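Structural overview
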Amino acid sequence: METLSPLAGNPAPPELLVDVTQLERAYFDTSPDVEDPNQLVHFGTSGHRGSSQRASFNESHILAITQAICDYRRMQGTTGPLYLGMDTHALSAPAQRTALEVLAANEVETLIQQNDGVTPTPVISRAIVVYNRDRKTNLADGIVVTPSHNPPEDGGFKYNPPHGGPADTVTTSWIENRANELLRTRNVSVKRMPFERALKAATTHEEDFIHPYVNDLSNIIDLEAIRVAGLSLAVDPLGGGGLPFCGLPARRVLSTEKKNAVW
């Protein structure tokens, strides 16, 4: 029989909170021990996950993985833009900055959410699919910086090939092996430029991923049926990547009356 946690409905006690400053410091200052298999790159569900405090998700890992993705793109002939998104985990923003440094140095056309914003994985997947629709060449792909449901202290880095979904094991195995090869040589073959230059590079573009995604929802969801049902619904994004999206469908499509407000 399940019991209710005594913490339910209460603010998290201090001992459970994550020290974001410590996490970010460890991300930049800690280097993995390449002799320890737990500190190498390991792709699970299309991506690598770990924590900077366990030396399993650090700047060295992201440099290596991003360069490996650039190498894989060249091998596959993927020459279209790369959509780069991130969630709200503490390590996601530092990792996205590192990735952009490598992507720009490799002259990969990269699109990021404007104003350093966050984007859930489905938003990046949709952007890839929409761009590639009716195309046979110059296909797009993407990277999503997220450990998904993992704890706050974790980071994650996922690759989405041109079909928009998770990469298969053949793809992830190649990227994983190449990334670890780079790690073992201290990333000497990684191309990189300072973040300020990468952000201003001709290959880097800031776009609004949010409104195109929201405006496209009516093409797959019967929003009118939800509106006329007279439901009162509430959604709590819990500080996650969906936070910037909350309210947009309600204002644009659903809320003809206050009692029908959604989100």
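Each remark here, short or long, concerns the structure printed above.
A brief structural summary. As the structure is a computational prediction, the values presented were derived from the model and not from experiment. (Residues numbered from 1 in each chain as written. Predicted model: local features only at pLDDT ≥ 70, side-chain atom pairs only at ≥ 80, totals over all residues. Heavy atoms only, no water.)

One non-glycine residue, D116, lies in positive phi territory at about 60°. Tracing the backbone shows D116 in the loop between β3 (110-113) and α4 (121-132). Positive phi outside glycine occurs at D134, with the angle close to 70°. Classification of D134 by relative accessible area gives exposed; the value is 77%. (Helix = DSSP H or I, 4+ residues; strand = E, 2+ residues; numbered from the N terminus. Buried < 20%, exposed > 50% of the residue type's maximum accessible area, 1.4 Å probe, protein only.)

The subject of this paragraph is the pattern of salt bridges. All chains considered together, the criterion is met by 9 salt bridges. Among the ionic pairs, E181 bridges to R178, the shortest N-O distance being 2.8 Å. Within this pair, E181 and its partner R178 are both found in helix α5 (residues 169-184), separated by 3 residues, close to a single helical turn. Of the residues examined, E181 reaches a relative accessible area of 45% and is grouped as partly exposed. You can call R178 buried: its relative accessible area is 19%. Within the structure, one salt-bridge network assembled from shared partners comprises D71, R74, R178 and E181. (Salt bridge = Lys/Arg side-chain N within 4 Å of Asp/Glu carboxyl O.)

With respect to the helices and strands, the residue T66 is situated in helix α2 (residues 59-76). Using a relative accessible area of 0% as the deciding quantity, one classes T66 as buried. Within polar-contact distance, the side chain of T66 engages the backbone oxygen of I62 at 2.7 Å. Apart from the residues lying within four places of it in its own chain, the contact partners of T66 are A99, V102, L103 and F157. (Polar contact = N/O pair within 3.5 Å; in protein donor to acceptor, adjacent residues only side chain to side chain. Contact = heavy atoms within 4.5 Å.)

Strand order in this open sheet of 6 strands is β1-β5-β4-β2-β3-β6, and the pairing throughout is mixed. Each end of this open sheet is capped by a strand with a single partner; those strands are β1 (47-51) and β6 (204-207). Shown here is a sheet whose adjacent strand axes are inclined to one another by a mean of 20°, direction ignored. As paired strands, β3 and β6 are joined by 4 bridges and run parallel to one another. Residue I112 lies in a different strand from β6, and its bridge partner there is E206. (Pairing = 2+ DSSP bridges. Axes fitted to C-alpha atoms, helices over the stretch in contact; angles between N-to-C directions.)

These values are about where atoms sit, not about what they do.
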